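Residue-level structure breakdown
Read off the chains here:
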Amino acid sequence: MTNPCIICVAITGSVPRKEDNPAVPTTISEQVESTHEAYEAGASIVHAHVRMDDQTPTSDPERFARLKEALEKHCPGMILQFSTGGRSGAGRERGGMLSLAPDMASLTVGSNNFPTRVYENSPDLVDWLASEMLKYKVKPEIEAFDLSHIFQAAKMQADGRLQGPLYVQFVMGVKNAMPADKRSFDYFVETLGRLAPDAQWCAAGIGRHQIEVNEWCVAAGGHCRTGLEDNIRIDRDTLAPSNAALVRRVVDLCDRYARPVATAAQARAILGLDAA
C-alpha cells in the first residue's frame, strides 16, 4: 500500500485544560509552538480551536486571525482547518471566522448526543455554515458522529450545498454517540464509498480509542486524526508530553503498514486544495 496518509493534529479542542494535561496549548503562542512541533513530526493538517485567557473556548474571529497569521508564517504550507464546533459559540457565531478563508473548516451536518448535552446542529445552521464555506472557498471536513451524517453529507453534495469531493471524518468513542466499534467503522467506510465514490476519509478515536482507530485508518487506506483535543494520554498511566508525541505514534503506524506520510503539498493535492 503506497497511498500517502494525511495526518491531522487536533491541538487544543474545547474541553481539555491545563489542569488535565499541562501540555494542552491554550494561548496563541503555545498553539503555534505545539503545531510547529507536530508539523515537523509529520502532521499536514492542523485542526484549531481558540481559547480566552481563562481557557474558556471561544469562536472569536480576532483570535483565529492571529493564529492563522502566525501558523502561515511558522508552518508554511500546512493546511489550516478551523473548528465551527458547538462548544465554542452559539448559532452563527460558530462560523464567524470563516470570512478569514482558512483552507478548511469542520462541519457537522446533524445533531447527536454528547456525554451531558445535545450537540445541536439545526438544518438552518448547517445550511448557513455550508453556504459560508462555499462563499469563502473553505473546504469542509464533515465530522460524522452518526451514520445519518454520512447520508446527509452525500445529499448536500448532490444538491450543490457542498462542493465535492467530500472529506469525511468518522468520530468514534464519544460517550452517548458513535462507539469505537470495528464492524461499524468498516460499514461507514463502505457506505461512504458507495454514496460518494470520490470522497476521502479519516477517523478520530476519542480517549483510549485514539490509537486503535488510528491503526484501523492506516490499515484500511484512510487518513488519521490525532492530538490532545481527543486524547491527553500516551497510555493509561502516562500523560502525552505534546501533540507531536501523538503524531509520532501515527507515523510509526504508517511505517508498520508501509504507508508514506503525506507532506503538506501532497495533502493539498489529495484534498483538491490550492497549493500554498
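The model shown is predicted, which means the values in this text are computed figures rather than measured ones. (Residues numbered from 1 in each chain as written. Predicted model: local features only at pLDDT ≥ 70, side-chain atom pairs only at ≥ 80, totals over all residues. Heavy atoms only, no water.)

**What about the overall build of the protein chain?**
- Looking only at helices and strands, the protein chain has eight helices and 14 strands in total.
- Relative to its length of 276 residues, the protein chain is compact, with a C-alpha radius of gyration of 17 Å against a globular reference of 19 Å.
- Principal axes of the C-alpha set define a box for the protein chain whose edges measure 45 × 40 × 40 Å.
- For the protein chain, the residues scored as buried account for 54% of the 276 residues in total.
- Excluding contacts between residues fewer than 6 apart, the proportion of contacts in the protein chain whose partners are at least 24 apart in sequence is 70%.
- Here the protein chain displays about 11600 Å² of accessible surface, and carbon together with sulfur accounts for 50% of that area.
- Averaging the coordinates of the 29 positive side-chain charges in the protein chain and doing the same for the 35 negative ones gives two points 2 Å apart. (Helix = DSSP H or I, 4+ residues; strand = E, 2+ residues; numbered from the N terminus. Rg over C-alpha atoms; globule rule 2.2 N^0.38 Å. Buried < 20%, exposed > 50% of the residue type's maximum accessible area, 1.4 Å probe, protein only. Contact = heavy atoms within 4.5 Å. Areas by Shrake-Rupley, 256 points an atom, 1.4 Å probe, with all protein chains shown as cover. Lys, Arg positive; Asp, Glu negative; His and termini not counted. Charge placed at Lys NZ, Arg CZ, Asp CG, Glu CD.)

**Points about the sheet that holds strand S10 (residues 167-172)**
- The strand order S1-S2-S5-S6-S9-S10-S11-S12 describes a closed barrel built from eight strands, whose pairing is parallel. Taking the axes of each pair of neighbouring strands and ignoring which way they run, one obtains an average angle of 25° across the sheet.
- Across three bridges, strand S9 (residues 139-144) lies against S10 in parallel orientation. By the bridge assignment for S10, Ala-144 is matched with Phe-170.
- Helix-sheet contacts for helix H6 (residues 210-220) involve S10, strand S11 (200-205) and strand S12 (223-226), and the interaxial angle to S11 is about 160°. (Pairing = 2+ DSSP bridges. Axes fitted to C-alpha atoms, helices over the stretch in contact; angles between N-to-C directions.)

**Notes on the side chain of Asn-231**
- Checked against the element boundaries, Asn-231 lands in the loop between S12 and strand S13 (233-235).
- For Asn-231, the side chain forms a polar contact with the main-chain oxygen of Arg-233, separated by 2.7 Å. (Polar contact = N/O pair within 3.5 Å; in protein donor to acceptor, adjacent residues only side chain to side chain.)

**Considering the state of the cysteines**
- Scanning the model with the defined rule gives zero disulfides in all.
- Cys-8 takes part in no disulfide bond, and the closest cysteine sulfur, belonging to Cys-202, lies 6.6 Å away.
- This cysteine, Cys-224, is not joined by any disulfide, and Cys-5 carries the nearest cysteine sulfur, 4.0 Å off. (Disulfide = S-S within 2.5 Å.)

**Points about the pattern of salt bridges**
- The final tally for this structure, using the stated rule, is 15 salt bridges.
- Here Arg-63 ties to Asp-53 by a salt bridge, and the two come within 3.4 Å at their closest N and O atoms. Of the two residues, Arg-63 sits in helix H2 (residues 61-74) while Asp-53 sits in the loop between strand S3 (50-51) and strand S4 (57-58), which places them 10 residues apart along the sequence.
- The residue Arg-256 makes a salt bridge to Glu-215 at a minimum N-O spacing of 3.4 Å. Taken together, the positions of Arg-256 in helix H7 (residues 243-256) and Glu-215 in helix H6 put the pair 41 residues apart, joining distant regions of the chain.
- Connected through salt bridges with shared partners, the residues Glu-143, Arg-225, Glu-229 and Asp-230 form a single ionic network. (Salt bridge = Lys/Arg side-chain N within 4 Å of Asp/Glu carboxyl O.)

**Here's the deal with the packing of aromatic side chains**
- Within this structure, the stated rule accounts for nine aromatic pairs.
- Between Phe-170 and Phe-188, the ring centres sit 6.0 Å apart and the planes meet at 35°, which makes this aromatic pair tilted. A residue pair is termed long-range when its members are at least 10 positions apart, and Phe-170 in strand S10 and Phe-188 in helix H5 (residues 182-195) qualify at 18 residues. The same class applies to Phe-170 as to Phe-188, namely buried.
- Three or more aromatic residues joined by ring pairs form one cluster here, namely Phe-170, Phe-185, Phe-188, Trp-201 and Trp-216. (Phe/Tyr/Trp six-rings, centres within 6.5 Å; stacked < 30°, edge-to-face > 60°.)

**Re H7**
- In a regular helix each residue adds 1.5 Å, so 14 residues correspond to 20 Å; H7 covers 21 Å between its end C-alpha atoms and thus fits that length.
- Burial within H7 is extensive, with 10 of its 14 residues counted as buried.
- Listed as buried for H7 are Asn-243, Ala-244, Ala-245, Leu-246, Val-247, Arg-249, Val-250, Val-251, Leu-253 and Cys-254.
- Where H7 is buried, its residues touch strand S1 (7-10), helix H1 (28-41), H6, S12 and S13.
- Between the side-chain oxygen at the start of H7 and the backbone nitrogen of Ala-244 there is a gap of 3.4 Å, and the oxygen is on Ser-242.
- Of the residues trailing H7, Ala-258 is marked for its positive phi of about 55°. (Expected span 1.5 Å × (residues − 1).)

**Thoughts on the packing of H1 against H2**
- It is the contact of H1 with H2, at a shortest axis distance of 10 Å, that shows an interaxial angle of 35°. As for the relative orientation of H1 and H2, their crossing is right-handed in sense. Counting all contacts with H1, which are made through Ile-28, Gln-31, Val-32, Thr-35 and His-36, the residues of H2 involved are Arg-63, Arg-66, Leu-67, Ala-70, Leu-71 and His-74. (Left-handed = near helix turned anticlockwise from the far one by under 90°.)

**So, the nonpolar core**
- Membership of the largest hydrophobic core comes to 62 residues, with the highest contact counts inside it found for Val-9, Leu-107, Phe-170, Met-172, Phe-185, Leu-192 and Val-247.
- With near-sequence residues (within four places) excluded, Leu-192 lies in contact with Ile-150, Val-168, Phe-170, Pro-197, Ala-199, Gln-200 and Trp-201.
- Among the nonpolar cores identified, the runner-up in size contains 11 residues, and Cys-8, Tyr-167, Cys-202 and Leu-273 belong to it. (Core = buried A, V, L, I, M, F, W, Y, C linked by side-chain atoms within 4.5 Å.)

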